[in-house]
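Understanding the architecture of this molecule
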Amino acid sequence: FPIVMSAAAAHLPHPLQSPRHNAALRRSMRKKASIRRAAMITSAVPVLVNSCAGKMGHAVGEAVLESGNTLLPYSVAGPDVGVDVVNCAGQPIQLVPPEEAVSLITRLKEEHPELIVVDYTVPAIVNANADMYCSLGVPFVMGTTGGDRDALKAAVTASEATHAVVAPQMGKQVVAFQAMMQRMSEMFPGAFNDYTLSVVESHQKTKVDTSGTAKAIVESFRALGVQPFDDDDIELVRNPNDSVDRMGVPETYLDGHAYHTYRLTSPDGTVAFEFQHNVNGRAIYAQGTVDAVLFLHRQLYGKPGGATQKLYDMIDVLEAGVMR
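So, how was this worked out
Residues numbered from 1 in each chain as written. Predicted model: local features only at pLDDT ≥ 70, side-chain atom pairs only at ≥ 80, totals over all residues. Heavy atoms only, no water. Buried < 20%, exposed > 50% of the residue type's maximum accessible area, 1.4 Å probe, protein only. Helix = DSSP H or I, 4+ residues; strand = E, 2+ residues; numbered from the N terminus. Pairing = 2+ DSSP bridges. Polar contact = N/O pair within 3.5 Å; in protein donor to acceptor, adjacent residues only side chain to side chain. Contact = heavy atoms within 4.5 Å. Axes fitted to C-alpha atoms, helices over the stretch in contact; angles between N-to-C directions. Parallel < 35°, antiparallel > 145°, perpendicular 65-115°, else oblique. Left-handed = near helix turned anticlockwise from the far one by under 90°. Nonpolar A, V, L, I, M, F, W, Y, C, P; charged D, E, K, R; others polar. Phe/Tyr/Trp six-rings, centres within 6.5 Å; stacked < 30°, edge-to-face > 60°. Right-handed = clockwise from strand over helix to strand, strands pointing away. pLDDT = per-residue confidence, 0-100.

1. Thoughts on the pairing of strand E11 (residues 257-265)
Buried residues dominate E11, accounting for seven of its nine residues. Two strands pair when backbone bridges link them, and strand E9 (residues 196-203) and E11 are joined in this way by eight bridges, in the antiparallel orientation. Bridge pairing in E11 places Val200 opposite Thr261. Bridge analysis of E11 against strand E12 (residues 272-280) gives nine bridges, and the strand direction is antiparallel. Note on E12: the bridge partner recorded for Tyr259 is Asn278. The antiparallel pairing of E11 with E12 creates a hairpin that spans six residues between the two strands, and Gly269 there sits at a positive phi of about 80°.

As structure tokens, this is what we get:
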């Protein structure tokens, strides 16, 4: 049959030039750009771990390598380490004294513009290290506990060019439990009015401070209405024999474990609730730290306009939903 085209139809814009097509084309281009950005951020992220001489830092270094990212062959370590080089999953890591930290990080940042630093040092130097990272404008993941946490967060927020993930707990599943308790306290304040709380936590004997996770969960229990309970009321188990006999820690994990028990008892003693999370080894924290590194890298370099905030925590990492 012959095709008849009216004069009006003859003057219609070509489909490839229509506003609808142009809008679809723009959406397609944006999608392709997003895919290109995603491809870019799946490339190896350069990571400096301070300090690979410690057990936690060493575990993170191994996790960085296992994840296919780039572990830089340097690490800032204290003078009491006693060696110049440590081996991390077959890769030699040159240990650098603290007085050379600024020059090292400055040079590495120039060589690796997308550098991210991971800090697993000791509580006594948490704030000094954070101040240094902020002054150098280098993004970092702070896994070290202790220090003045308010001052730490304030330093990141006030810095001009630094972004950070700061969390006392890097184990994703433990953080999810922590978030669940926090949200329960917000949804049901006073649900455990006048209940008595007891908390006992066992860690390796080298851990000198109270668990930050325990403190955070205690804060949620306070909001749920338990009887007055201070952080100093948290019972610390650091004696290896007590860890084995009382807490049930396997002897093979005495040098790296986290066993927490929270018990709530009703005023008349007829009702009890118990929450427990037991972790053997350091893998859960190392893997979560790598997720935090990738999350921070994605915020900085995988989004148009870069990161939307200066300070993140592990709940932000969880909520992003892009963990490995």
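2. Re the side chain of Thr144
Within the secondary structure, Thr144 sits in the loop between strand E7 (140-142) and helix H6 (149-158). A polar atom in the side chain of Thr144 sits 2.6 Å from the side chain of Asp119. Setting aside chain neighbours within four positions, we find Thr144 in contact with Asp119, Tyr120, Thr121, Val122, Pro123, Val126 and Arg149.

3. As for the packing of helix H7 (residues 172-187) against helix H8 (residues 212-223)
Where H7 meets H8, the axes come as close as 8 Å, and the angle between the chain directions of the two elements is 20°. What the angle tells us is that H7 and H8 run roughly parallel. For the pair H7 and H8, the sense of crossing is left-handed. For the pair H7 and H8, the contacting residues are Val174, Phe177, Gln178, Met181, Gln182 and Ser185 in the first and Thr213, Ala216, Ile217, Ser220, Phe221 and Ala223 in the second. Per-class residue counts for the contact of H7 with H8 are seven nonpolar, five polar and no charged.

4. A word on the packing of aromatic side chains
Counted by the stated rule, this structure contains eight aromatic pairs. When the centroid spacing of 5.0 Å and the interplanar angle of 45° are considered together, the rings of Tyr133 and Phe140 count as tilted. Here Phe221 and Phe275 contribute two aromatic rings whose centre-to-centre distance is 5.8 Å and whose plane-to-plane angle is 50°, an arrangement assigned as tilted. Here Phe275 lies in strand E12 and Phe221 lies in helix H8, a separation of 54 residues in the sequence.

5. Quick look at the pairing of strand E6 (residues 116-119)
The alternating pattern of E6 places Ile116 and Val118 on one face and Val117 and Asp119 on the opposite face, and all of these are buried. Here four bridges tie strand E1 (residues 46-50) to E6, and the two strands are oriented parallel to one another. Among the inter-strand pairings, Val49 is bridged to a residue of E6, identified as Val118. Note: E6 against E7, three bridges, orientation parallel. Bridged to Val118 within E7 is Val141. Crossover E6 to E7 through helix H5 (residues 126-136) is right-handed.

6. Observations regarding the confidence of the model for the chain
Counting all residues, the mean pLDDT for the chain is 88, and 87% of those residues have values of 70 or more. Note on residues 1-17: pLDDT is under 50 here. Beyond four places in sequence and across chains, it has five contacts.

7. Details of unusual backbone geometry
Residue Ser51 is reached from Asn50 by a cis peptide bond, and omega for that bond is 10°. Within the fold, Ser51 resides in the loop between E1 and helix H3 (55-66). Despite not being glycine, Ala89 shows a phi value in the positive range, around 55°. With respect to the helices, strands and loops of the structure, Ala89 is situated in the loop between strand E4 (85-88) and strand E5 (91-96). Here the phi dihedral of Asp194 falls at roughly 70°; this positive angle occurs in a residue that is not glycine. Along the chain, the position of Asp194 falls in the loop between H7 and E9. Given the relative accessible area of 47%, Asp194 is considered partly exposed.

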